[in-house]
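# Inside the fold
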Amino acid sequence: MNKTEELKEQLKHHLQAAQAIASKADDEGRDFSDDERGQVTEHMAKAREAKEGLEKAKATAIMRQALTDLGDGVELVEKSGEKRTPSGLVVPDAKASLGETFVKSGEFQALIQSAPNGVFGKDHRVQSRPVGYKALVTGGSDTSGGAFVNNQLMGLQVGQMVFQRPLRLRDVVTNLTTTSDTIEYVRQTSQTNNAAPVPESTTTADPGAMTTANGVKPESALAWAKVTTPVRTIAHWIPLTKRALSDASQVRSIIDAFLRYGLEEELEDQMVAGDGTGENLEGLGNVSGVQAQAYDSDLLTTTRKARTKVRLVGRSTPNAYLFNPADLEAIDLLQDNEARYYFGGPSGLGTAGTLWGLPVIETEAVPAGTGYVGDFRKAVLWDREQASITISDSHANFFIRNMVAILAEMRAAFGVIQPNAFVEIDLTA
């Protein structure tokens, strides 16, 4: 087991142990005992340590790729203390998350230093651009910003991980960057391969019939379409009181575990189900030319035939399935004629690893009753602007109410280069 896998197992073990203790107390309708509180604290400390180690390992991999790019002649540009590729992609600090980078930034530090003793008074201005409105985080409530001033934030950390789904679609598509607001790319719509053995021509005279028998080479064809897709902005924000901003040293937890995650979750939803209208991306489910596989006999037969269509019609090598959790559960519960589970049953690992030799991505972005299989390398995600954080009190009447808004936003575009390299699967009998 490599270091990354070992850290993942440690993180999972300690979180599950802490959640088991919390569940027991909830079931019995009581608070933690002193012993349980100590155990939860210890498990969460070890989980936090494993998570930090895991983030460092992932960041190290990114840095190694950046060094590889540098070795290939890609120069990094340093601007305002950040290292970026020429296209503007930030090469992250191996030790810093987005939230940590924000709270350590010169802008945020200057903002804190402008407040006497780091406390924002009622007349203190927090300047940036205005944004919208949603649910308020306050400094006094134990269910809101006030929870951040308690010791070690145990409930917050467990809760955030419980309510967040794994986001893995980025792992299988092609990831590129862009410096433009509009992407133009060529989409292959069809191909005709007429290659054939051709005899040598035996005469200089016009053969009349243009056939291979007369030495005429056959003509093949490729059909293309130029597609234009705009870069779209994905954003959301939350309001805080100035008291919460002053007292919550772990404001970076809000950024990393909620704001940034929210952007990535919506991006994954758009990559699958975006309808291409308004400010929506054109998701895989709405791209013309994607193949369809009707339900055939059972789930296993249907999913296998869909894979074959990618190979024969799309002339591509599939690299993943996408399933809604409900459909993946139905596949896991399949049994043979003797009531034996195909995928190991309760003691097995199910299809979480692979199905028909391909990785399985479980995502709520795919509607129940539908699945996808394809060569996801032929779908491209262009990053225009990585997740950014802005803070302001210049919205509505926030200034006179001692409130600020924290805004997170990103910009990206998505396109499918070869639609018939994908198959939409009907999983409903």
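The structure this text deals with has already been given above.
In this report, we go over the structure that sits alongside the text. (Residues numbered from 1 in each chain as written. Predicted model: local features only at pLDDT ≥ 70, side-chain atom pairs only at ≥ 80, totals over all residues. Heavy atoms only, no water.)

### Here we look at the overall build of the chain
As a reminder of what qualifies: The secondary structure listing takes helices from DSSP runs of H or I that are at least 4 residues long and strands from runs of E that are at least 2 residues long, numbered from the N terminus. Here the term buried applies to any residue with accessible area under 20% of the maximum for its type, exposed to any over 50%, and partly exposed to those in between, with areas from a 1.4 Å probe on protein chains only. Contact between two residues is taken to exist if any of their heavy atoms lie within 4.5 Å; hydrogens are not considered. Using the Shrake-Rupley algorithm and a 1.4 Å probe, accessible areas are obtained, with residue cover drawn only from the displayed protein chains.
Counting its secondary structure elements, the chain contains 9 helices and 15 strands. Relative to its full complement of 429 residues, the chain shows a buried share of 39%. Contacts in the chain between residues far apart in sequence, at least 24 positions, make up 76% of those at least 6 positions apart. Carbon together with sulfur atoms contributes 50% to the accessible area of the chain, which is approximately 23,700 Å² in total.

### Concerning helix 1 (residues 3–27)
Short version of the rule: By definition here, a helix of n residues has an expected span of 1.5 Å times n minus one.
Here helix 1 spans 36 Å end to end across 25 residues, near enough to the 36 Å set by a 1.5 Å rise per residue. Taken together, the buried positions of helix 1 are occupied by Leu-7, Leu-11, His-14, Leu-15, Ala-17, Ala-18, Ile-21 and Ala-25.

### Quick look at helix 8 (residues 299–312)
Its 14 residues give helix 8 an end-to-end C-alpha distance of 20 Å, which sits within 8% of 20 Å, the value for a rise of 1.5 Å per residue. Considered for burial, the residues of helix 8 that qualify are Leu-299, Leu-300, Thr-302, Thr-303, Ala-306 and Val-310. In the core, the buried residues of helix 8 are packed alongside strand 8 (291–293), strand 9 (320–323), helix 9 (325–332), strand 10 (354–355), strand 12 (370–374) and strand 15 (422–426).

### Notes on the sheet that holds strand 12
Picture the strands of a sheet paired through backbone hydrogen bonds; they go either parallel or antiparallel. Heads up, the condition is: In this description, strands pair whenever DSSP reports at least two bridges between them. Interaxial angle, 0 to 180 degrees, is taken between N-to-C directions of lines fitted to C-alpha atoms, where a helix line uses only the stretch in contact.
What the 6 strands build is an open sheet, ordered 8-15-12-9-11-10; its pairing is mixed. The open sheet is flanked by strand 8 and strand 10, the only strands paired with a single partner. Pairing between strand 8 and strand 15: 3 bridges, direction parallel. For Gln-293, the partnering residue across the bridge sits in strand 15 and is Ile-425. On the sheet, helix 8 packs against strand 8, strand 9, strand 10, strand 11 (358–362), strand 12 and strand 15 and is oriented at approximately 155° with respect to strand 8.

### Looking at the pairing of strand 13 (residues 379–392)
Looking down a regular strand, the side chains alternate between one sheet face and the other. Here strand 4 (residues 174–177) pairs with strand 13 via 4 bridges, running parallel. Opposite Leu-176, over in strand 13, you have Trp-382 as the bridge partner. In this structure, strand 13 lies alongside strand 14 (residues 403–416), joined through 11 bridges in antiparallel fashion. Within strand 14, the position partnered with Leu-381 by the bridge is Phe-414.

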